[in-house]
Amino acid sequence: MKRTAFGEPRPATFDEIAQALDEVDLLAADAQALVQDSREEEDPFTGWTAEISHADLGEPTFGTCGFADRDKLVSGLKALGIGLIEEF
């Protein structure tokens, strides 16, 4: 899994998103995801990204790398159990 300079996770797959949720001690049922169009960003963030955080507290937060398909990203987040998904 990719990481920021501060060691924060930057998952690039759905398995890595599940690992990142465990790492930051965040249950998918308690999480929200803000899906953003990042097609103008540089690799590895090109495509569609999600900022994932606790739905009520806002923390912890981590962002994903870019996914090529918005619909697959949203359906994958739902499959992980993240029910609150907003798109920008």
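Our structure's up above, just so we're on the same page.
Cut-offs applied
Residues numbered from 1 in each chain as written. Predicted model: local features only at pLDDT ≥ 70, side-chain atom pairs only at ≥ 80, totals over all residues. Heavy atoms only, no water. Helix = DSSP H or I, 4+ residues; strand = E, 2+ residues; numbered from the N terminus. Rg over C-alpha atoms; globule rule 2.2 N^0.38 Å. Buried < 20%, exposed > 50% of the residue type's maximum accessible area, 1.4 Å probe, protein only. Contact = heavy atoms within 4.5 Å. Areas by Shrake-Rupley, 256 points an atom, 1.4 Å probe, with all protein chains shown as cover. Lys, Arg positive; Asp, Glu negative; His and termini not counted. Charge placed at Lys NZ, Arg CZ, Asp CG, Glu CD. Arc of directions from axis to C-beta.

Caption draft 1: Focus on the overall build of the protein chain. Tallying secondary structure elements over the protein chain gives two helices and six strands in all. Mapped from its N terminus to its C terminus, the protein chain presents α and β elements in the order β-β-α-β-β-β-α-β. For 88 residues, the compact-globule formula gives about 12 Å, and the C-alpha radius of gyration of the protein chain, at 12 Å, lands near that figure. Seen along its three principal axes, the alpha-carbon backbone of the protein chain occupies a region of about 30 × 30 × 20 Å. Counting every position in the protein chain, which comprises 88 residues, the buried fraction comes to 38%. Considering only residue pairs separated by 6 or more positions, the protein chain has 45% of its internal contacts joining residues 24 or more positions apart. Here the protein chain has roughly 5200 Å² of accessible surface; of this, 47% comes from carbon and sulfur atoms. In the protein chain, 7 positive and 19 negative side-chain charges are present, and the distance between their average locations comes to 6 Å.

Caption draft 2: A look at helix α1 (residues 14-23). Here α1 has its buried residues at E16, I17, A20 and L21. One face of α1 carries all of its buried residues, which in axial projection span an arc of 145°. Structural note: α1 exposes D15 and D22 on the side pointing more than 90 degrees away from its buried face. The first or second residue beyond α1 is D25, which carries a positive phi of 60°.

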